[in-house]
Amino acid sequence: GKASSPNEIDEIQKLRRETCELIVLRFIAHLKLRRYVDLGKEISMLGLMPFLPDNNKRCGVGGDDNNDNDAGNNEDDNNDEHHLAWKEGSIHSTDPQDKLPFWVPYGLRILAAQQLQYNDGSSKALDVLLDMRDRATRTEYWNSGGMEVWKSTIDNAIVNTCIRMREWRLALYHLEEMINGLHEGVDREVHWWCCQESLGGSIGEETRSQLRELISSAAYVELLSRQILILLQSGAIAAAEAVQSEVSTHAAKVEGIVFTGALSRIHTEFALIRQVPVRKMTNDGLISFAQSDYELAAKHFRGALKIQDTISSAAEIESSSSTDDVPSPPGYPSWKDLDAPTLGFDADASLSVDCINNLSLCLLCTGNMRAAVQEMETLIRKDPCANLTEGLAFNLCTLYELSSDGEECTRRKKRLQRVSKRFFLHDIGVESFRLN
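The notes below deal with the structure included here. (Residues numbered from 1 in each chain as written. Predicted model: local features only at pLDDT ≥ 70, side-chain atom pairs only at ≥ 80, totals over all residues. Heavy atoms only, no water.)

Broken down by element type, the protein carries 23 helices and zero strands. Out of the 436 residues belonging to the protein, those deemed buried represent 45%. Within the protein, contacts between residues separated by at least 24 positions form 70% of all contacts whose residues are at least 6 apart in sequence. When the accessible surface of the protein is summed, it comes to about 22000 Å², and 50% of that surface belongs to carbon and sulfur atoms. (Helix = DSSP H or I, 4+ residues; strand = E, 2+ residues; numbered from the N terminus. Buried < 20%, exposed > 50% of the residue type's maximum accessible area, 1.4 Å probe, protein only. Contact = heavy atoms within 4.5 Å. Areas by Shrake-Rupley, 256 points an atom, 1.4 Å probe, with all protein chains shown as cover.)

Written as structure tokens, this is what we have:
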């Protein structure tokens, strides 16, 4: 039966949220461990790849209740209880009808579509995501009003898929689409923060205006930085430098805002805002690396790591002193992302891994083997769980080969592998240690 009291409704919503977050955690675990086949099987078992008849078929489905056994048309799709079944998704499902109950959030559908790039090839994932995007933009044709809020989320997924396919132009196009649609997303994000009880209703009109400018500038920094990564991948260094000047302009706006009261709390909890200085300095390092100025690049990456450590420490202190669940756990989508997106994207909670991997490459390119090995081993000793990554392990083992004889090299590689096992870093494959 249906919940009748507010407490029962809250309990149902809590159960729904926790169930979906557990599902996402399992997906992330499969991806980290490269168990792509298991991931695909789990998504198939849950029925997350959606079924959607074409528009003509759907329009022909009326109020005839005599076709209940017709799996292809599924008359129940027009009922309010099951409205998500025909609004969401793709004609690419192999199932004859949609299996999911109405409470499953659309964000899980998008995650399911993204996993196709690991199992069935990136082109299949791109086909499905573009199909979903069409239903989020041509809402009158598909009779899918309300799906517009998912456009930026789907664009974000398309960008990631295109990067994996090395389709740089298409990735840049959809990033530009995300930038063009920022205004609506920023308004939704500002409204979401203003509704948070943890802020105690302390957001007045002036603070609200500052918050809008803050989120808008931080969003520009994030999206423009992604453009820089793509431009550098495609060899367009001059274009990347031009975009970085825009990043600097927006980053200066963020740094020019005084964080007090509610803004201070939001700055600490919202990765998109607090990561702005780290992202800007990381971009400087990447551009310097592309220009073969490895010493300057290493300096930028060290600076970014230092800022990241300071920001992460402050965020941990704030999180430990707060009893609210506003901050989303790092590494996977929050409930807001799955059920009611605002911007449709966020920044990484930490860029330490990226900076460490890039720093290790800089040290490798400088040729100062002893200093490079010492600095990289210091990073691992400082925090093995955070700093010992696939890239760092591979680069460090390469340095061992270049700076040590055969027996000593093997001994050091095996020691590094034992450290990995000691801290249960199962996502680092044996190939990263370059052992024969």
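Let us look at the side chain of Arg-279. With respect to the helices and strands, the residue Arg-279 is situated in helix H16 (residues 276–290). Leave out the neighbours within four places in its chain, and Arg-279 touches Val-221, Glu-222, Ser-225, Leu-229, Asp-348 and Leu-351.

Where side chains of opposite charge bring their charged atoms close, a pairing between them can arise. Summed over all chains, the structure comprises 23 salt bridges. As a salt-bridge pair, Asp-155 and Lys-151 come within 3.2 Å of each other at their nearest N and O atoms. Residue Asp-155 and its partner Lys-151 are both found in helix H9 (residues 151–165); the two are separated by four residues, about one turn of the helix. Judged by its relative accessible area of 21%, Lys-151 falls in the partly exposed class. Here Arg-265 ties to Glu-269 by a salt bridge, and the two come within 2.3 Å at their closest N and O atoms. Taken as a pair, Arg-265 and Glu-269 lie in helix H14 (residues 262–269) at a separation of four residues, close to a single helical turn. Through salt bridges that share partners, Arg-133, Lys-151, Asp-155 and Glu-177 make up one connected network. (Salt bridge = Lys/Arg side-chain N within 4 Å of Asp/Glu carboxyl O.)

This part is about helix H2 (residues 36–46). For H2, the set of buried residues is Leu-39, Gly-40, Glu-42 and Ile-43. Taken down its axis, H2 places every buried residue within 160 degrees of arc, on the same side. In this structure, H2 carries Val-37, Lys-41 and Met-45 as exposed residues pointing more than 90 degrees from its buried face. Buried residues in H2 make contact with helix H1 (6–32), helix H5 (106–114) and helix H6 (116–119). Where H2 terminates, the next one or two residues include Gly-47, which has phi positive at roughly 70 degrees. (Arc of directions from axis to C-beta.)

Our next topic: the nonpolar core. In terms of nonpolar packing, the biggest core is built from 100 residues, with Leu-108, Ile-215 and Leu-416 touching the most fellow members. Here the element with the most residues in this core is helix H12 (residues 205–233); it accounts for 12 residues. If near-sequence neighbours (up to four positions away) are discounted, Leu-416 is found in contact with Ile-380, Leu-388, Ala-393, Leu-396, Cys-397, Tyr-400 and Phe-433. (Core = buried A, V, L, I, M, F, W, Y, C linked by side-chain atoms within 4.5 Å.)

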